[in-house]
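Chain by chain, the residues run as shown.
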Amino acid sequence: MSSCTFASLVGLVTVLAVISYVGYQHRGDGVKSLLFNLSWAAPFVVALSGVAFASGLGLFAASDVAFDLLVSLCVLFGCAAPLRMKIQAWQHGLSRKSETLLCLYRDLFIILALTVASFFLLEAPWNEGLGVMSLSMVFLGLGSILAILLTLYFVFFRTGWGLFLGVLVLGIAGIAEYFVLLFKGVVLMPSDLLALGTAAEVAGGYTLEFTDALTYALCGLVSALFVCSLVIRPSFNRNKLPLVSYGVNIAVSVGAGSLLFLGYSNIDYSSTFGCDKMCWSPNTIYQQQGFLPSFITLAQNLEISEPEGYSDEQAQEYEAEYVSAYDSTRGSTPERLQAVEQFDSVKPSVIAIMNESYSDLSAYAELGCGYQGPQYPTALTDALLAGHVTTSVYGGGTANSEFEFFTNTSMAYVGSAKCPYTLYDLSNVNNLVAQFSSLGYATTAIHPGNPSNYNRDKIYREFGFDAFYSASEFAESEFFHNAATDGATYSKVLDILSESEDPQFIFDLTMQNHGGYETGNIPESYVQTYQPLDVQPSTTVQTNEYLACIKKSDEDLTWFLGQLRNLDRPVVVVFWGDHQPSFADQYNNLYYDGEDSAVHEARTHQTPYFIWANYDVAGNGQTSQQRDMGLNSLGATLLDIIGAPMTDFQKSTLGLREKIACMGLYGHRGYDGVWYLNDDEASPFIGVFEAGRFIQTLEFTDKL
């Protein structure tokens, strides 16, 4: 048993002994009052138990000073029941007027003090920009917290328990935000609350450690919780009309709660207070605005609103215009017509591989040490098409990348802080799975993770997959880094292909490369020793572990493509990375500080892709032609190249792409080669961009 665990247990026993003694000494007092006073020791008993458990697991990396202070405060406040009882006895001995005034001014002072304390408990653990936040955002955050605490104060009949609940939730939220940023690299958003099961499982790949800063934050939290216990109601026997008192309190509670709800529902934080709802750089926006204003703004933005002036008729006109643009150009070329004729007779199996965190970090000035990037797609000289896709997520949010691929839908029009897999019913939304199924394909999904992550088991049923192989299928497979190897999933793909000669559509979402990247579990033969320029040692460690994963992915992919080359049946592979690793922005900010914000964000939202076939695809020279695109158009591009039937929505997407080459959540790149933020009215492509919003409203939003 460690000394920290021992100290926590001694503190726990001390509190329990003191409380038992106090209870025994006051056994003749009123039971209700005694239990109410002693109940304030319970939070600190729980806290000491939690500290003992966490220290036993080695989760505290704090100094002895910080840890001892935390334990001491928990013991002190846990043993403070006699103090509260003395204060209560003194208060109840005052005249009615004096007691009323005391409660009024004391409670007001405590609520204001707890508002300030809660603000710092919520922001300090994670917000590196706290010291430079604008006063307007500070006061907005304080006002939001004050409204919450006042409502809880009245809901709990002016006792300290309502304030306790509010302070506890806000304090835990601040610490949780720290770990979310550490693990995911992106702040906590409203849609994350609907994917808590996934978040909990993903957290298993990381190490929880309570540093000095977090331990001091816990000290602040337990201190604030103790202050809540000093809120003592006026004595009941002074009130000759208790029912009236309760009635008034309930009325005030309902009124306060209603005002809080109406304020959230009707006060638009974006237009009223200037909060950024685009959130194209969530971490920066949260740091500038604070947690609550940013979180509330995004929560208010969950609804997908129709574009101004929208009508189905106008949307249909736009769609027809861009369908015609496709049909009159690429759609009527000899190459496309040859591919269509071939597809009807060949019906190749299609393997879609979304590789976890596969990206090209050489985009960051070769990391300052000559890193040349991953093997693919550069190694392929016979791809049908290759390049980079623009993703709408960074460091996490994998489900949104597959969502864009499957549905032809861009998160640029869905909006930030949304995860469609966890928010919406997608059973009526057109998708690639249903398309291939309608063409006579058997459809299979593969993911060596929890099938319920991001609601995948539900969503895949809505999409129409015939089968879904998840974690249990790979329990005995070779593991690398954090999960079953890419090669294990590729072997499963080959098994499925060998079981039937019928055409197959197989989606393979790998898991091997998932963060974090400080596990130290890389086999010696894969260890990388790059020395990136001017970065922290921890970033170097993460980078080399990540690049070891990429090396393994490249080896497995080379093996898999070799197997397909020798397979006596036509197969098409579309491969892409879902997002960049969460530490990549450190290179972006270090090497490209001060550049245009749209260009800056674009660099962190690019991953490699390629489309390849093991047979001669009619109308395609298979020379690895380069073309960058938004991830939402990758599925349509696949169908176009192999000659498969396409919906009007997919055709219009390719028609739009002739004007806007790439599109993602934060911005778009026109064919002038320039990146623009999506709300930049100066973009020469803003009209085309808004036409796409109309079309997506017709084809996606209206079907939810």
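See the structure printed just above.
Residues numbered from 1 in each chain as written. Predicted model: local features only at pLDDT ≥ 70, side-chain atom pairs only at ≥ 80, totals over all residues. Heavy atoms only, no water.

Colleague: How do you make sense of the overall build of the protein chain when you look at a structure like this?
Modeller: Counting its secondary structure elements, the protein chain contains 28 helices and 13 strands. Here the protein chain has a C-alpha radius of gyration of 29 Å; the compact-globule value for 704 residues is 27 Å, and the two agree. Considering only intrachain contacts with a sequence separation of at least 6, the fraction spanning at least 24 residues in the protein chain is 79%. Surface exposure of the protein chain reaches about 29,000 Å², of which carbon and sulfur atoms provide 59%. On the protein chain, the mean spot of the 33 positive side-chain charges and the mean spot of the 71 negative ones are 14 Å from each other. (Helix = DSSP H or I, 4+ residues; strand = E, 2+ residues; numbered from the N terminus. Rg over C-alpha atoms; globule rule 2.2 N^0.38 Å. Contact = heavy atoms within 4.5 Å. Areas by Shrake-Rupley, 256 points an atom, 1.4 Å probe, with all protein chains shown as cover. Lys, Arg positive; Asp, Glu negative; His and termini not counted. Charge placed at Lys NZ, Arg CZ, Asp CG, Glu CD.)

Colleague: Sorry if this is basic, but what is going on with the pairing of strand S9 (residues 606-613) here?
Modeller: Successive residues of a regular strand alternate their side chains across the two faces of the sheet. By the criterion of burial, S9 is predominantly enclosed, with eight of the eight residues buried. Burial along S9 is two-sided: Gln606, Pro608, Phe610 and Trp612 facing one way and Thr607, Tyr609, Ile611 and Ala613 facing the other are all buried. By the bridge criterion, five bridges tie strand S8 (residues 571-577) to S9 in an arrangement that is antiparallel. Opposite Val574, over in S9, you have Ile611 as the bridge partner. (Buried < 20%, exposed > 50% of the residue type's maximum accessible area, 1.4 Å probe, protein only. Pairing = 2+ DSSP bridges.)

Colleague: Whenever I open this one, the pairing of strand S3 (residues 442-446) confuses me. Can you help?
Modeller: Counting buried positions along S3 yields four of five residues, so the element is predominantly enclosed. Taken together, the five bridges between S3 and strand S7 (residues 504-509) define a ladder with parallel strand orientation. Looking across to S7, one finds that Ile446 is bridged to Asp508. Regarding the hand of the β-α-β motif, the stretch spanning S3, helix H21 (residues 456-463) and strand S4 (residues 467-469) is right-handed. (Right-handed = clockwise from strand over helix to strand, strands pointing away.)

Colleague: Explain the pattern of salt bridges to me, please; I cannot follow it from the model alone.
Modeller: Enumeration according to the criterion identifies 14 salt bridges in this entry. Between Asp628 and Arg669 there is a salt bridge, with the nearest N and O atoms lying 3.7 Å from each other. One end of the pair, Asp628, is in the loop between S9 and strand S10 (629-630); the other, Arg669, is in strand S12 (residues 667-670), with 41 residues separating them in the sequence. When its relative accessible area of 25% is taken as the criterion, Asp628 is described as partly exposed. Judged by its relative accessible area of 19%, Arg669 is buried. In this structure, a network of salt bridges that share partners links the residues Glu478, Lys552 and Asp556. (Salt bridge = Lys/Arg side-chain N within 4 Å of Asp/Glu carboxyl O.)

Colleague: Sorry if this is basic, but what is going on with the nonpolar core here?
Modeller: The nonpolar side chains of soluble globular proteins are, as a tendency, buried together. Judged by nonpolar contacts, the single largest core of 113 residues is most densely connected at Val573 and Phe610. The contact partners of Val573, leaving out residues within four places of it in the chain, are Ile351, Ile353, Leu561, Leu564, Phe610, Ile611 and Trp612. Residues Met411, Val414, Leu509 and Phe700 belong to the second largest nonpolar core, which totals 54 residues. (Core = buried A, V, L, I, M, F, W, Y, C linked by side-chain atoms within 4.5 Å.)

Colleague: Where do I start with helix H3 (residues 42-56) in this structure?
Modeller: Helical geometry: 3.6 residues make up each α-helical turn, so side chains three or four residues apart lie on a common side. The first and last C-alpha atoms of H3 sit 21 Å apart over 15 residues, in line with the 21 Å expected at 1.5 Å per residue. Every buried residue of H3 is listed here: Pro43, Phe44, Val45, Leu48, Val51, Ala52, Ala54 and Ser55. The first or second residue beyond H3 is Gly58, which carries a positive phi of 75 degrees. (Expected span 1.5 Å × (residues − 1).)

Colleague: What's the story with unusual backbone geometry in this structure? I'm lost.
Modeller: Where the residue is not glycine, phi is negative for most of them; where a peptide bond is considered, it is trans in most cases. Of the consecutive residues Tyr376 and Pro377, the connecting peptide bond is found in the cis state with omega at 5 degrees. Its location among the elements puts Pro377 in the loop between strand S1 (349-355) and strand S2 (385-390). Here Gly515 and Gly516 are connected by a cis peptide whose omega angle stands at 5 degrees. Turning to its location among the elements, Gly516 is positioned in the loop between S7 and helix H23 (537-565). Of note in the backbone geometry, Phe157 takes a positive phi value of approximately 55 degrees without being a glycine. Considering the arrangement of structural elements, one finds Phe157 in the loop between helix H7 (135-155) and helix H8 (160-184). In this model, Ser357 sits at a positive phi of 60 degrees, which is unusual for a non-glycine residue.

Colleague: I tried to follow the sheet that holds S3 on my own but got confused; where do I start?
Modeller: Sheets are built from strands paired through backbone hydrogen bonds, the pairs being either parallel or antiparallel. Strand order in the open sheet formed by eight strands is S4-S3-S7-S1-S8-S9-S2-S10, and the pairing between neighbours is mixed. At either end of the open sheet lies a strand with only one pairing partner, and these are S4 and S10. In this structure, S1 lies alongside S7, joined through five bridges in parallel fashion. For Ile351, the partnering residue across the bridge sits in S7 and is Ile506. Against the sheet, H23 engages S1, S8 and S9, with an angle of about 15 degrees to S9. (Axes fitted to C-alpha atoms, helices over the stretch in contact; angles between N-to-C directions.)

Colleague: What's the story with the packing of aromatic side chains in this structure? I'm lost.
Modeller: Geometry of an aromatic ring pair is reported as the spacing of the ring centres plus the angle between the planes. Overall, the coordinates contain 46 aromatic pairs when judged by the stated rule. Judged by centre distance (5.8 Å) and plane angle (50 degrees), the ring pair of Tyr587 and Tyr591 falls under tilted. On the criterion of helical spacing, the pair formed by Tyr587 and Tyr591 is a turn pair, its members being four residues apart in helix H24 (residues 584-591). For Tyr587, a relative accessible area of 0% translates into the label buried. Here the aromatic residues Phe405, Phe406, Tyr421, Phe436, Tyr441, Tyr460, Phe463, Phe465, Phe468, Phe505, Phe507 and Trp576 are joined through ring pairs into a cluster of three or more. (Phe/Tyr/Trp six-rings, centres within 6.5 Å; stacked < 30°, edge-to-face > 60°.)

Colleague: Can you help me understand the sheet that holds strand S13 (residues 675-677) in this one?
Modeller: Ordered by their spatial adjacency, three strands build an open sheet running S11-S12-S13, and the pairing between neighbours is antiparallel. Single-partner strands in this sheet number two, and they are strand S11 (660-663) and S13. Neighbour to neighbour, the strand axes of the sheet diverge by 30 degrees on average, direction disregarded. Two strands pair when backbone bridges link them, and S11 and S12 are joined in this way by three bridges, in the antiparallel orientation. When the sheet's bridge partners are listed, Met663 is paired in S12 with His668.

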